[in-house]
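# Structural overview for review
Below, each chain spelled out in residue letters.
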Amino acid sequence: MDAHPHFSVVTLLGDLDKSSAPRLEEKLAELMEHGHTCLIIDTAKLGFCDSTGIWVLLTSLRRAYERKGWLRLAGVHGFLGRLLDLTRLREAFPIDLTVEESIRQVSDGRTASSGSISASR
């Protein structure tokens, strides 16, 4: 995870499922509690996501909006992309092809590097 004055970038690695989703939810809630309510979630290196992972992303999106922030997904592909399409949740999230595109969408000209949170245990 890399925090910036206006947003934070969180990179997911591995699988986001029943065993790893609670850890992600905890980390995202902690970020928001510390005032980081504008989040870019980099999913390019996410190998798998189940319904528990989708629920964490939706819950975090709602929490960000409640705190006058936002949450964007970047690099959606593979299983996550198919799951978002199947559940018709793709429209719920602002989605960009890359983190760089997300940053261009929200930044005032600053660039960012991303940290990572391993979704797998």
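What you are looking at is a predicted structure, and each value in this text was computed from that prediction instead of being measured.

### Looking at the nonpolar core
- Core analysis: the biggest nonpolar cluster contains 25 residues, and Leu16, Ile41, Leu71, Leu73, Leu80 and Leu84 have the highest contact counts within it.
- At the level of secondary structure, the elements contributing two or more residues to this core comprise strand E2 (8-16), helix H1 (21-33), strand E3 (38-49), helix H2 (51-66), strand E4 (70-74) and helix H3 (78-86).
- Discounting chain neighbours no more than four positions away, the residues touching Leu80 are Thr43, Leu46, Cys49, Ile54 and Leu57.
- Core analysis: the next-biggest nonpolar cluster, separate from the first, contains seven residues, Phe7, Cys38, Val99 and Ile103 among them.

### Some thoughts on the side chain of Ser102
- Here Ser102 shows up in helix H4 (residues 99-106).
- Residue class for Ser102 comes out buried when judged on its relative accessible area of 0%.
- Of note is the side chain of Ser102, whose polar atom sits 2.6 Å from the side chain of Asp96.
- Leave out the neighbours within four places in its chain, and Ser102 touches Ile40, Arg72, Leu73, Ala74 and Asp96.

### Topic: the pattern of salt bridges
- Overall, the coordinates contain four salt bridges when judged by the stated rule.
- The partner of Arg90 in a salt bridge is Asp85, and the shortest N-O contact between them spans 2.5 Å.
- Residue class for Arg90 comes out partly exposed when judged on its relative accessible area of 28%.

### Observations regarding the packing of aromatic side chains
- Tallied over the full model, the rule gives one aromatic pair.
- Here the aromatic rings of Phe48 and Phe79 are separated by 4.8 Å at their centres, their planes lie at 35°, and the arrangement is tilted. Separated by 31 residues along the polypeptide, Phe48 in strand E3 and Phe79 in helix H3 bring together distant segments of the chain.

### A word on H3
- Those residues of H3 that fall on the buried side of the exposure criterion are Leu80, Gly81, Leu83 and Leu84. Buried residues of H3, viewed axially, fall in a sector of 165°; they line one side. Away from the buried face of H3 by more than 90 degrees, exposed residues Arg82 and Leu86 are located.
- Where H3 terminates, the next one or two residues include Arg88, which has phi positive at roughly 60°.

Thresholds applied
- Residues numbered from 1 in each chain as written.
- Predicted model: local features only at pLDDT ≥ 70, side-chain atom pairs only at ≥ 80, totals over all residues.
- Heavy atoms only, no water.
- Core = buried A, V, L, I, M, F, W, Y, C linked by side-chain atoms within 4.5 Å.
- Buried < 20%, exposed > 50% of the residue type's maximum accessible area, 1.4 Å probe, protein only.
- Helix = DSSP H or I, 4+ residues; strand = E, 2+ residues; numbered from the N terminus.
- Contact = heavy atoms within 4.5 Å.
- Polar contact = N/O pair within 3.5 Å; in protein donor to acceptor, adjacent residues only side chain to side chain.
- Salt bridge = Lys/Arg side-chain N within 4 Å of Asp/Glu carboxyl O.
- Phe/Tyr/Trp six-rings, centres within 6.5 Å; stacked < 30°, edge-to-face > 60°.
- Arc of directions from axis to C-beta.

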